[in-house]
Amino acid sequence: MPLRSPSTVMRLRRMGAGFPTRLSFLRTLMRALAADDVKVTRPVWKMDVAGFGHAVYSLRFGVYDYALVAISTDLPPEMRTDRVIATAWDTTYVLYDGIPDQSEIDRIVASAPKQEAARFTARDLVLCRANKSVRLFDHVTDALKSGQQPDPGKIRDTGYLMRTTAVYGNGKFGIADRGHIADRPGLGGPFMAEMLTVWLIRGFTHDLAEHVGCGTLSREAKRHLGIGNATGLGMAPFLVNHPLLLDAWMSVRETAIARVRAIPSLDEDQIGRIYDLVARAAQHLAEWNAPDAIAAQRIATLRHEWPEFAATLTPEALMAPNPIDQIITQSAQRSVDTQELIAALMLEPFGELIDGLTECMATSLEPELDPTMSCANLRALIDRDWDWACDVDYDTPAACAQFWYVSEEKLEPRLGNRHQEPGAALESPLDIGRQVKALAGDLTTGETPVGQFLAERPKHRAAARRVQSLARHPYAEIRDNLIGETCLPIDILRCKLAFFGAGKFDPKSDRWTRITLAQGAPLFDELDNADDWWLPVATV
Amino acid sequence: MWALNEIAGLVQKAARGAGIPVGQAEDLGRVAVFLAGSGGSIAPVTAALLEPISTVDVRWQDGSVEVDQGPAALIGPIVSDAFAMGYTSAVLADTAHAALISAFLARSGVAPKWAGNTVTASDTTILRPTCKPVAIPQDDWQIWQDLAAKTYVPETEASRSSGAGAGLTDND
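Residues numbered from 1 in each chain as written. Chains lettered and ligands numbered in written order. Predicted model: local features only at pLDDT ≥ 70, side-chain atom pairs only at ≥ 80, totals over all residues. Heavy atoms only, no water.

With that out of the way, let us pick up the overall build of chain A. Of the regular secondary structure elements, chain A holds 22 helices and 11 strands. Computed over its C-alpha atoms, the radius of gyration of chain A comes to 24 Å, within 12% of the 24 Å expected for a compact globule of 540 residues. Reported as C-alpha extents along the three principal axes, the dimensions of chain A are approximately 80 × 60 × 45 Å. In chain A, which comprises 540 residues, the proportion classed as buried is 62%. Considering only contacts within chain A whose residues lie at least 6 apart along the sequence, 74% involve residues at least 24 apart. Roughly 19900 Å² of accessible area belongs to chain A as shown, and the carbon and sulfur atoms make up 52% of that amount. Each charge sign in chain A was given a centre, from 59 positive and 71 negative side chains, and these centres are 2 Å apart. (Helix = DSSP H or I, 4+ residues; strand = E, 2+ residues; numbered from the N terminus. Rg over C-alpha atoms; globule rule 2.2 N^0.38 Å. Buried < 20%, exposed > 50% of the residue type's maximum accessible area, 1.4 Å probe, protein only. Contact = heavy atoms within 4.5 Å. Areas by Shrake-Rupley, 256 points an atom, 1.4 Å probe, with all protein chains shown as cover. Lys, Arg positive; Asp, Glu negative; His and termini not counted. Charge placed at Lys NZ, Arg CZ, Asp CG, Glu CD.)

All names here are of chain A. Scanning the model with the defined rule gives 22 aromatic pairs over all chains in all. A centroid spacing of 6.4 Å and a plane angle of 35° characterise the contact between Tyr64 and Tyr66, whose relative ring orientation is tilted. A relative accessible area of 0% means that Tyr66 is categorised as buried. An aromatic cluster is built from Phe25, Phe191, Phe238, Trp249, Phe499 and Phe500, whose rings are joined through pairwise contacts. The ring of Phe238 has Lys496 lying over it, and the distance from NZ or CZ to the ring centre is 3.9 Å. (Phe/Tyr/Trp six-rings, centres within 6.5 Å; stacked < 30°, edge-to-face > 60°. Lys NZ or Arg CZ within 6 Å of the ring centre and 35° of its normal.)

In this structure, B:Ser64 sits in strand β2 (residues 64-69). Ignoring sequence-local partners within four residues, the contact set of B:Ser64 consists of B:Arg59, B:Tyr87, B:Ser89, B:Ala90 and B:Val91.

Residue and element names in this part refer to chain B. Taken together, 5 strands build an open sheet; the order of strands is β1-β2-β3-β5-β4 and the sheet is mixed. Both outer strands of the open sheet, β1 (57-61) and β4 (111-115), are each paired with one neighbouring strand and no more. Within the sheet, the average angular offset between the axes of one strand and its neighbour, ignoring direction, is 25°. With 3 bridges connecting them, β2 and strand β3 (residues 89-91) associate as parallel partners. Along β3, the bridge assignment pairs Glu66 with Val91. Its contacts with the sheet put helix α4 (residues 72-84) on β1, β2, β3 and β5 (118-122), and the angle it makes with β1 is roughly 10°. Where helix α5 (residues 98-107) meets the sheet, it contacts β4 and β5, and its direction lies at approximately 150° from that of β4. (Pairing = 2+ DSSP bridges. Axes fitted to C-alpha atoms, helices over the stretch in contact; angles between N-to-C directions.)

Each partner contributes to the interface: chain B provides 47 residues, whereas chain A provides 58 residues. Each partner contributes to the roughly 4400 Å² buried at the junction of chain B and chain A, and carbon and sulfur atoms together form 50% of this total. One salt bridge connects A:Arg465 with B:Glu26, and the closest N-O pair in it is separated by 2.8 Å. Applying the counting rule to chain B against chain A returns 22 residue pairs in polar contact (both at pLDDT 80 or more). Listing elements by their share of the side of chain B that touches chain A, those giving two or more residues are α1 (4-17), α2 (22-37), β1, α4, β6 (152-153) and α7 (157-162) of chain B. Of all the elements, α2(B) adds the most residues to the side of chain B that touches chain A, at 6 residues. (Buried area = accessible area lost by both parts, 1.4 Å probe. Salt bridge = Lys/Arg side-chain N within 4 Å of Asp/Glu carboxyl O. Polar contact = N/O pair within 3.5 Å; in protein donor to acceptor, adjacent residues only side chain to side chain.)

The subject of this paragraph is the nonpolar core. One finds A:Leu33, A:Trp199 and A:Trp249 to be the most contacted residues of the largest nonpolar core, which totals 152 residues. Looking at this core, the element that brings in the most residues is helix α7 (residues 192-213) of chain A, giving 11 residues. Setting aside anything within four residues of it in sequence, one finds A:Trp199 in contact with A:Met30, A:Leu33, A:Val40, A:Ala518, A:Ala521, A:Pro522, A:Leu523, A:Phe524 and A:Leu527. Grouped together as the second largest cluster of nonpolar side chains are 53 residues, B:Ala25, B:Ile42, B:Val79 and B:Ile136 included. (Core = buried A, V, L, I, M, F, W, Y, C linked by side-chain atoms within 4.5 Å.)

Residue and element names in this part refer to chain A. Per the stated rule, a full pass over the model turns up 52 salt bridges over all chains. Of the charged contacts in the structure, one is a salt bridge between Arg107 and Glu104, with a shortest N-O distance of 2.8 Å. Of this pair, Arg107 and Glu104 are both found in helix α4 (residues 102-111), 3 residues apart, which corresponds to roughly one turn of the helix. For Glu104, a relative accessible area of 17% puts it in the buried group. Salt bridges sharing common partners tie together Arg22, Arg27, Arg31, Glu348, Asp355 and Asp531.

So, on to the pairing of strand β4 (residues 91-97) of chain A. All names here are of chain A. Within β4, 7 of the 7 residues are buried, leaving the element largely enclosed by the surrounding structure. Residue alternation in β4 divides its side chains into two sets, Thr91, Tyr93, Leu95 and Asp97 and Thr92, Val94 and Tyr96, and both sets are buried. With 7 bridges joining them, strand β3 (residues 64-72) and β4 adopt antiparallel strand pairing. Bridge pairing in β4 links Ala67 to Tyr96. In terms of strand pairing, β4 meets strand β5 (residues 124-132) through 6 bridges, oriented antiparallel. Paired with Thr92 across the bridge in β5 is Arg129.

With that out of the way, let us pick up the sheet that holds β6(B). Taken in spatial order, the 3 strands of this open sheet run β9(A)-β8(A)-β6(B), and their pairing is mixed. Because the sheet does not close on itself, it has two edges, and the strands there are β9 (413-417) of chain A together with β6 of chain B. Pairing analysis gives 2 bridges linking strand β8 (residues 402-407) of chain A to β6(B), with the strands arranged parallel. Across the sheet, residue A:Ser407 finds its bridge partner in β6(B), namely B:Val153.

Residues and elements named next belong to chain A. Two numbers describe how helix α3 (residues 25-35) lies on α7: the axes approach to 9 Å, and their chain directions differ by 80°. One way to sum up the angle between α3 and α7 is to call them roughly perpendicular. Packed against α3, whose contacting residues are Phe25, Leu26, Thr28, Leu29, Met30 and Leu33, the element α7 presents Met192, Met195, Leu196 and Trp199 at the interface. Across the contact of α3 with α7, the residue classes break down as 9 nonpolar, 1 polar and no charged. (Parallel < 35°, antiparallel > 145°, perpendicular 65-115°, else oblique. Nonpolar A, V, L, I, M, F, W, Y, C, P; charged D, E, K, R; others polar.)

Right, dumping it as structure tokens:
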């Protein structure tokens, strides 16, 4: 069974229709925690009655000890913003390598609230902060104080007590490089330390609400309270700057889709499971609301198409030969969003067939240049793989309408309008398509080795490396013009967040979004039932 | 102490700020990590960042690449490529570049052996860098930061409100 073509899969519009799957990192982490019989304990809880202070959670995972140090601070409302320009937060966190002694706890309690303004150590694996969803947090604690459970409708509407606004890993501000944990069992997969952190934070938010409310939340309420996240442009260049990692994620997902398409027939249990998941997806769509006009339209289309799709899943269709291949083939007549939801759903019942692929989602490889390749062969690769880049006239205003840059104030990626804003001369090199077209324009067609060509034309080195990398890693490039007028960064964000396991995408513009992570995920004491929370729906 | 990922990112940005092309800036970031992680001096990286960008002129002779002129940040990748292409020696015009060229070669798995301004491969084992925090002299770090800052775009009120997304306060 062939994989879906990169020229189809790697378009922004389709990447922006991504859904979480059982291969998403949070799902993989929950399975690993369960398999290792991990127990989370809370050895430190020093909170005043208003819920300000610090706590430590610890666990042993893959023969290593880890701890989350959580700090809760009294934040004036006017300082509470999800944007990266914030300088103070309701809560701040460090995932620590080992069990911190008192001096290390003191160090983290003093430094974590400063976030980017502080320096950290290689014992600190992840640095993070989160703000309260004030409306829901206050409602939940008020309800508990009055001896009642919170309004289920309000829990469903928001879905989390706090939103993380940055989750830093891999060496930022002095914390440990990824290489420090890359070979550890359980934490070696992509973003596993970050996912462990947000799952632990989610449990902390439950504990904090119960502490302030002096009551106990129902298990159902807690399970539906995930951890929110607000993600902006900072995440978008990551996928462009890590092409081999993007290829690894996409290749695994597409290989998994191909494997389930190759299933010759389904048994009764599998058919029943698919019916359950189709119904669950319908409920999830009904509970997913986003005010953003583009997102609302896409959700409306999904809600419209989903019953039509469900009606095609007759017993005859599911008992026919190669049923999943038939379903996915026929899904091409529906919207891109519905196609991607169907593909994600069809992976869900077949963990034994595909879960092992997640071992291939991390890579230590970096793009390397092959200087021995002839210019003629490099040209042939461009002709074969880069039509989407070379067919664009980048001199037209629309094709170069935007430019990526790093802001002086926050050192964060931004996106500007080339024709209206200053700064384009300092743009970040995310114009991959334009770079490759420029290479193609200067490239000779003879047998001259690429290494010699680049000695004469050094400016094309990055583009040549990307062309060669794409030949070996076909899902390594977003096959769209990232400086064009129609490039919506939200599509890049959603692709990455779906791989994290995010759901309930709630875009606030075309360049930042809120999401919910770990909604429906097992609580600390539920890891023995860790794997059935794809597209969680409310039971509260 | 600095994380290796911080070093890679800052050197790469500094290289772009110094006018070094993107591909060579990427390479220099990797070489800086190689040097820092293997305990070597990062002085050659700073020197390369401070060197004016000039035209490269190399000659490909039988088995040897001869450099007539060019800055170290551009020559390093060329010499490294040359050994990958089967050339067995390189002759530098400027022996001050030898330290950085050695780092480029070592990172690509070639142990350099120098005779005057000519480098060949030896069979010495190359130590691989370890992943641990490293100290970078403050003067070097400051130079890197200053050069990286040349790639940053000052904010305007318009870019602050639109460039990163909505200008909302999120008390909900």
